[in-house]
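Examining the three-dimensional arrangement
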Amino acid sequence: MKDIRISTEEYAAIERGAAEKSISPAIWLRSRILGDQDALSRGCIEAAARAAALPVGTQFTLNTLFDADWAQFDGIGPELGKEFAQMVRSGIVTTVCERDHHPSDSALYERV
């Protein structure tokens with residue numbers, strides 16, 4: 001992993017952009033640089049949006065959240081799952097809380 005030096009004001013702009021999409025600053029930056037080519041940032045953005053659209057109280061895993069569309073993340077599912085879990089645990093995705101882990105090692109979430 002490489003580091004990039006930016007000013008406090010520049011980082012604040014990245015944080016604002018990320019907060020608008022309910023994603024982490026790193027994912028927001030990846031999406032801005034790599035665009036639709038980056039499946040990880042696309043998946044995180046879409047997962048946050050799909051979860052926010054669910055009725056309150058709905059429980060889901062990432063696999064059930066995407067249903068048939070999950071195949072588009074073939075090969076990066078575990079990475080997407082870890083990134084989404086981190087965004088939920090750190091409070092970036094405020095509309096979701098983690099409830100449990102399934103035996104398949106995928107987290108169970110609930111729309112709050």
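In short, a report on the structure. (Residues numbered from 1 in each chain as written. Predicted model: local features only at pLDDT ≥ 70, side-chain atom pairs only at ≥ 80, totals over all residues. Heavy atoms only, no water.)

Section: the nonpolar core
By size, the foremost hydrophobic cluster in this structure holds 26 residues, and its most contacted members are F60, L62, F84, V93, V96 and Y109. The biggest single contributor to this core is helix α3 (residues 39-53), with six residues. (Core = buried A, V, L, I, M, F, W, Y, C linked by side-chain atoms within 4.5 Å. Buried < 20%, exposed > 50% of the residue type's maximum accessible area, 1.4 Å probe, protein only. Helix = DSSP H or I, 4+ residues; strand = E, 2+ residues; numbered from the N terminus.)

Here's the deal with the pattern of salt bridges
Considering all chains together, one arrives at five salt bridges under this definition. In this structure, the salt-bridge partner of E46 is R50, at a minimum N-O distance of 2.6 Å. Residue E46 and its partner R50 are located together in helix α3, separated by four residues, close to a single helical turn. Residue E46 is classed as partly exposed on the basis of its relative accessible area of 23%. Its salt-bridge partner being R99, residue E110 comes within 2.7 Å of it at the nearest N-O pair. Remark: R99 occurs in strand β2 (residues 96-101) and E110 occurs in strand β3 (residues 107-111); sequence separation between them is 11 residues. Salt bridges linked by common partners bring E46, R50 and D69 together as one network. (Salt bridge = Lys/Arg side-chain N within 4 Å of Asp/Glu carboxyl O.)

What to know about the environment of T94
Along the polypeptide, T94 turns up in the loop between α5 (77-89) and β2. When the C-alpha atoms of T94 and A48 are compared, they prove to be 9.3 Å apart, with 46 residues separating the residues in sequence.

A look at a nonpolar patch on the surface
Judged by side-chain polarity, I4, I6 and Y11 come together as a nonpolar surface patch covering roughly 310 Å² of accessible area. Looking at where I6 falls in the secondary structure, it is placed in the segment before α1 (8-21). (Patch = residues over 30% accessible without salt bridge, like charges linked within 9 Å, V, L, I, M, F, W, Y side chains within 5 Å. Areas by Shrake-Rupley, 256 points an atom, 1.4 Å probe, with all protein chains shown as cover.)

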